[in-house]
Amino acid sequence: FGAALGLVWPWKVESVVFNEEAGRLDVALNYERGGTFRCPRCGRGGCKAYDSTWKEWRHLNFFQYEAYLHAPVPRVECPEHGIKQVEVPWARSGSGFTLLFEALVMALVREMPVAAVGRLVGEHDTRLWRIVKHYVREARARADYSGVRAVGLDETASRRGQCYITLFADLDESRLLYATEGREAGALARFRLDLLAHGGEPEQIEELCMDMLPAYLKGAAEQFPLAEITFDKFHVLRLLNDAVDEVRRQEQKERPELKRTRYLWLRNRANLTARQQALLDELVNPKRVGLRTARAYRLKLAFQEFWELPLELAEPYLKRWYFWATHSRLPAMVRVARTIRKHWQGVLRWFRSRVSNGVLEAMNSLIQAAKARARGYRTSENFITMAYLVCGKLHLQSTHTK
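Since the model is a prediction, treat every value here as computed from it, not as a measurement. (Residues numbered from 1 in each chain as written. Predicted model: local features only at pLDDT ≥ 70, side-chain atom pairs only at ≥ 80, totals over all residues. Heavy atoms only, no water.)

Trainee: Explain the nonpolar core to me, and be specific about the residues and the numbers.
Mentor: Membership of the largest hydrophobic core comes to 95 residues, with the highest contact counts inside it found for Leu208, Phe303, Phe306, Trp307, Leu318 and Trp321. Sequence-distant contacts of Trp307, defined by excluding residues within four places in its chain, comprise Lys233, Val236, Leu237, Val347, Trp350 and Phe351. Ranked by size, the runner-up nonpolar core spans 19 residues in total, among them Val27, Tyr31, Leu69 and Val73. (Core = buried A, V, L, I, M, F, W, Y, C linked by side-chain atoms within 4.5 Å. Buried < 20%, exposed > 50% of the residue type's maximum accessible area, 1.4 Å probe, protein only. Contact = heavy atoms within 4.5 Å.)

So, in structure tokens, the structure goes:
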């Protein structure tokens, strides 16, 4: 058992007790008389034990039986730091689990809900959340953001109702940098502080990609005044889709042929079946009595072509589209056109920066899938911790193995 546990002097196995009825194996460890230890603060060797306190740690199962380690953890007297409790080599300070048990938990929670892992290993999930949060904090503390240049930000729902988390991602490395509650200007102020804490500088951020939320714009102007802002093209297209759907909902009251056609107008034509394409062609046919929804749909298609243009043609094309949209007599499309006009430079910036929040959309899908598997999280802290674990590209191996 000593060899299996990797014990080194002065530690040794003192006794092993197997209790079949209780379904557990208890391994008692001790240190040799006269053994010396290192100071946990400065690493000075040769420190003798001052006194000790017995502690217990849950270890990996012994076959199908739960295994526990027991040992007297000594305190040593260091000439420089006084009396300090030593760190045992098989567990981290303050934990009731061994490092190998925690490594198993960290491997499982990447793929399974924490509650499911708790049922599998026979531990309450709140104890496992403490493990996960500890190692996520440790890994994030060592993360280096000195090379971050392009940042995307977007919100995601943490639970039902108006409960949102703002996500900040490194668009070059496709990793989650920071997550915080809310979607107000203060979220960018908190990200700025976190960036500084990880070796980054606000002045080094060259590109910010976001939606047109006024709170985000205000925070960006205050916290990252040197950064160029690109408005996410997927967000702009979502505004257009919402406008087309609004026109359809209003028109279907008088045009029953529009009922149950919502996704014909919102999906890309390539994703429609042959039958759906034929129905869409019939609805947009100019020989029919003109549908307002069809006019809105043609405006959306024309805007999609905008993203395919070279830089020198983009602004003239957008000006023509804006004139067409504002004279369409479709209030929803006029409203979207004026929104684009208000954020003109940020929309055109895409042709120079070529950044989008597609990375964040993918992250959001992974995070929401994890939330769905877990059937939600009790707290926003748990939600954010899982977001880091799933999308943060954290180096966890060096934190929970020795």
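Trainee: Summarise the pattern of salt bridges; cite the residues concerned and give the values.
Mentor: A full pass over the atoms with the stated rule returns 22 salt bridges. Where Arg92 meets Glu102, a salt bridge forms, and the shortest distance between an N and an O atom there is 3.1 Å. Of this pair, Arg92 sits in the loop between β6 (82-85) and α2 (99-109) while Glu102 sits in helix α2, placing them 10 residues apart in sequence. By relative accessible area, which is 19% here, Arg92 ends up buried. By relative accessible area, Glu102 is classed as buried at 0%. Each of the salt bridges in this network shares a partner with another, and the network as a whole consists of Asp245, Arg248, Arg249 and Arg262. (Salt bridge = Lys/Arg side-chain N within 4 Å of Asp/Glu carboxyl O. Helix = DSSP H or I, 4+ residues; strand = E, 2+ residues; numbered from the N terminus.)

Trainee: Can you tell me about helix α16 (residues 380-391), naming the residues and giving the values?
Mentor: Residues that lie three or four places apart on an α-helix share one face, since the helix turns once every 3.6 residues. Compared with an ideal rise of 1.5 Å per residue, which puts 12 residues at 16 Å, α16 spans 16 Å between its outermost C-alpha atoms and is within 8% of the ideal. By the burial criterion, the buried members of α16 are Ser380, Asn382, Phe383, Ile384, Thr385, Met386, Ala387, Tyr388, Leu389 and Cys391. Once α16 finishes, Lys393 follows within two positions and takes phi at roughly 50 degrees, a positive value. (Expected span 1.5 Å × (residues − 1).)

Trainee: Kindly report on helix α11 (residues 311-326), identifying the contributing residues and their values.
Mentor: End to end, α11 covers 23 Å across 16 residues, agreeing with the expected 22 Å (1.5 Å per residue, within 8%). Those residues of α11 that sit buried are Ala314, Tyr317, Leu318, Trp321 and Ala325. Taken end-on, α11 shows its buried residues confined to a sector of 110 degrees, consistent with a single buried face. Turned more than 90 degrees off the buried face of α11, the exposed positions are Glu312, Arg320 and Phe323. Next to the buried residues of α11 lie α7 (233-251), α10 (292-306), α12 (331-342), α13 (344-348) and α14 (350-353). (Arc of directions from axis to C-beta.)

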